[in-house]
Amino acid sequence: QKMPPSLPATINIREPRWDQSTFQGRAKHFFMVTDPRNLLLSGATLEEARRVVEDYRAGTVHPGLTEDQLWRAKYIYDSAFHPDTGEKMILVGRMSAQVPMNMTITGCMLTFYRTTPAVLFWQWVNQSFNAVVNYTNRSGDAPITPSQLGTAYVSATTGAVVTALGLKSLTKHLPAIIGRYVPFAAVAAANCINIPLMRQRELKLGIPVTDENGNRLGESTAAAQKAIFQVVVSRIGMAAPAMAIPPVIMNMLEKRAFLKRYPYLNAPLQVSLVGLCLVFATPLCCALFPQKSSMPVSSLEPEVQEQIRKKDPWLETVYFNKGL
């Protein structure tokens, strides 16, 4: 029997499989990255994927390995191991845990929003989860110190709780449907606080900017501001459908006899609706902006522009990793 031809060792598995200059390509990539089924993979499967990827990067192609198997191993590896340190990431902090964790937390925030203790508890749970995610997916270039992590955590939790309680008191005399949107406003406010604080080192010192071929040209705070703005927009976008659509449906259902007869179905129904929204919103909002973002050299700080002009006078665009 004829052996299948050996896979060439030239496939660039450091980059995503699909064209990242198109929204469709980015969406396909993030549907793979955020696939919750990756959480169910055994330790042996993860280690096998790590072995295939690390061997391939070192130039060793396993006999009989197909291109589809290689890409599958790459996405399994990326789902569980930190890209800079190579360490296995905390289970709940992985991108594949985003949908199941967020659907549970968001569903509970939307269900238990009527009392102050419930608002306090679920906003605290949500920001604790965000802190774990931000720490787990930290950049190797700009590590987060325990004090930065603590400051971001306390500030985001305080911001979310103050916003939630402030809006809750304002909506007392308004229609019930308005009160259901308080958790979304609180989450949006917390994202605007949490992400810039978590990445404050980048805002102070800048992030690496490169040419099209990945050659490092310097560090830019203007690029850091654009990157953080894009991430904040993506995170708020991720939360929007899950926190905007279920309240309308639940408000209609609560007026009907079904939920009055079976009130214990309120929370499971809410969590399921949120989960359905998040399965699509999470990868699609991650894909709103390219991971390898770009900006004109003329938009950078004058000193960085000067630095780049010395290296390449004709360069018009620089690239940077926006983060997640």
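Residues numbered from 1 in each chain as written. Predicted model: local features only at pLDDT ≥ 70, side-chain atom pairs only at ≥ 80, totals over all residues. Heavy atoms only, no water.

Naming follows an unreviewed UniProt entry, where the protein appears as Sidoreflexin of Cardinalis cardinalis. Of the comments in the UniProt record for the protein, the one headed Sequence similarities (unreviewed entry) reads "Belongs to the sideroflexin family." The Subcellular location (unreviewed entry) field of the UniProt record for the protein holds the comment "Mitochondrion membrane". (UniProt positions renumbered as here; feature names shortened; annotations may be inferred.)

A.B. asks: Please give an account of the overall build of the protein that cites residues and values.
C.D. replies: Across its full length, the protein carries 13 helices and four strands. Counting only C-alpha atoms and orienting by the principal axes, one finds that the protein spans roughly 65 × 65 × 35 Å. Classification of the 324 residues of the protein by burial places 45% in the buried group. The average position of the 33 basic charges and that of the 23 acidic charges among the side chains of the protein differ by 13 Å. (Helix = DSSP H or I, 4+ residues; strand = E, 2+ residues; numbered from the N terminus. Buried < 20%, exposed > 50% of the residue type's maximum accessible area, 1.4 Å probe, protein only. Lys, Arg positive; Asp, Glu negative; His and termini not counted. Charge placed at Lys NZ, Arg CZ, Asp CG, Glu CD.)

A.B. asks: Provide a residue-level description of the nonpolar core, including the pertinent values.
C.D. replies: Generally speaking, a soluble globular protein has its nonpolar side chains buried in company with each other. Within the largest apolar cluster, 25 residues are counted, with the highest numbers of intra-cluster contacts made by L7, I11, I13, Y56 and L70. Of all the secondary-structure elements, those providing two or more residues to this core are α1 (23–33), α2 (43–57), α3 (67–80) and α12 (266–286). The residues that make up this core include at least three from each of domain 1 (23–88) and domain 2 (95–285). Beyond its immediate chain neighbours, meaning those up to four positions away, L70 contacts L7, I11, I13, V52, Y56 and L65. In terms of nonpolar packing, the next biggest core, distinct from the first, is built from 16 residues, V99, C108, W122 and M243 among them. (Core = buried A, V, L, I, M, F, W, Y, C linked by side-chain atoms within 4.5 Å. Domains from an automatic or database assignment. Contact = heavy atoms within 4.5 Å.)

A.B. asks: How would you sum up the confidence of the model for the protein? Please name residues and give values.
C.D. replies: When the pLDDT values of the protein are averaged, the result is 82; 96% of them are 70 or greater. Within the protein, α1 carries the highest mean pLDDT (91), whereas helix α7 (residues 176–179) carries the lowest (73). (pLDDT = per-residue confidence, 0-100.)

A.B. asks: Please give an account of the packing of aromatic side chains that cites residues and values.
C.D. replies: Under the criterion given, the structure shown has five aromatic pairs. Between W18 and Y75, the ring centres sit 6.0 Å apart and the planes meet at 35 degrees, which makes this aromatic pair tilted. Taken together, the residues span a long stretch of sequence, with W18 in the segment before α1 and Y75 in helix α3 at a distance of 57 residues. A relative accessible area of 2% means that Y75 is categorised as buried. (Phe/Tyr/Trp six-rings, centres within 6.5 Å; stacked < 30°, edge-to-face > 60°.)

A.B. asks: Any chance you could break down the packing of helix α4 (residues 98–111) against helix α5 (residues 116–136) for me, citing the residues and the numbers?
C.D. replies: Direction vectors running N to C along α4 and α5 enclose 160 degrees, while the axes themselves pass 9 Å from each other. When the axes of α4 and α5 are compared, the pair comes out roughly antiparallel. α4 and α5 meet at a crossing whose hand is left-handed. The segment α4 lies against α5, with Q98, M101, N102, I105, C108 and M109 engaging W122, Q123, V125, N126, F129 and V133. For the contact of α4 with α5, a count of residues per class yields eight nonpolar, four polar and no charged. (Axes fitted to C-alpha atoms, helices over the stretch in contact; angles between N-to-C directions. Parallel < 35°, antiparallel > 145°, perpendicular 65-115°, else oblique. Left-handed = near helix turned anticlockwise from the far one by under 90°. Nonpolar A, V, L, I, M, F, W, Y, C, P; charged D, E, K, R; others polar.)

A.B. asks: Describe the pattern of salt bridges, with residues and values.
C.D. replies: Any two side chains of opposite charge can pair, so long as their charged atoms come close to each other. Within this structure, the stated rule accounts for seven salt bridges. Of the charged contacts, one joins E219 and R216 as a salt bridge, the two residues approaching to 2.8 Å between their closest N and O atoms. Each of E47, R50 and E54 takes part in a single network of salt bridges with overlapping partners. (Salt bridge = Lys/Arg side-chain N within 4 Å of Asp/Glu carboxyl O.)

A.B. asks: Give me the lowdown on the domain arrangement of the protein, citing residues and values where you can.
C.D. replies: Domains assigned within the protein are domain 1 (23–88) and domain 2 (95–285). The straight-line distance from the C-alpha centre of domain 1 to that of domain 2 is 27 Å. With 14 residues of domain 1 at the interface, the matching set in domain 2 holds 16 residues. In total, domain 1 and domain 2 occlude about 1,100 Å² of area from one another, counting both sides; carbon and sulfur atoms represent 68% of this. Three residues, F31, T34 and H82, lead the burial of domain 1 against domain 2; their summed loss comes to 41% of the area buried on that side. Taken together, domain 1 and domain 2 are joined by zero salt bridges. If you tally residues by element for the side of domain 1 that touches domain 2, the top one is α1, at five residues. Tallied by class, the residues present in the side of domain 1 that touches domain 2 amount to seven nonpolar, four polar and three charged. (Buried area = accessible area lost by both parts, 1.4 Å probe.)

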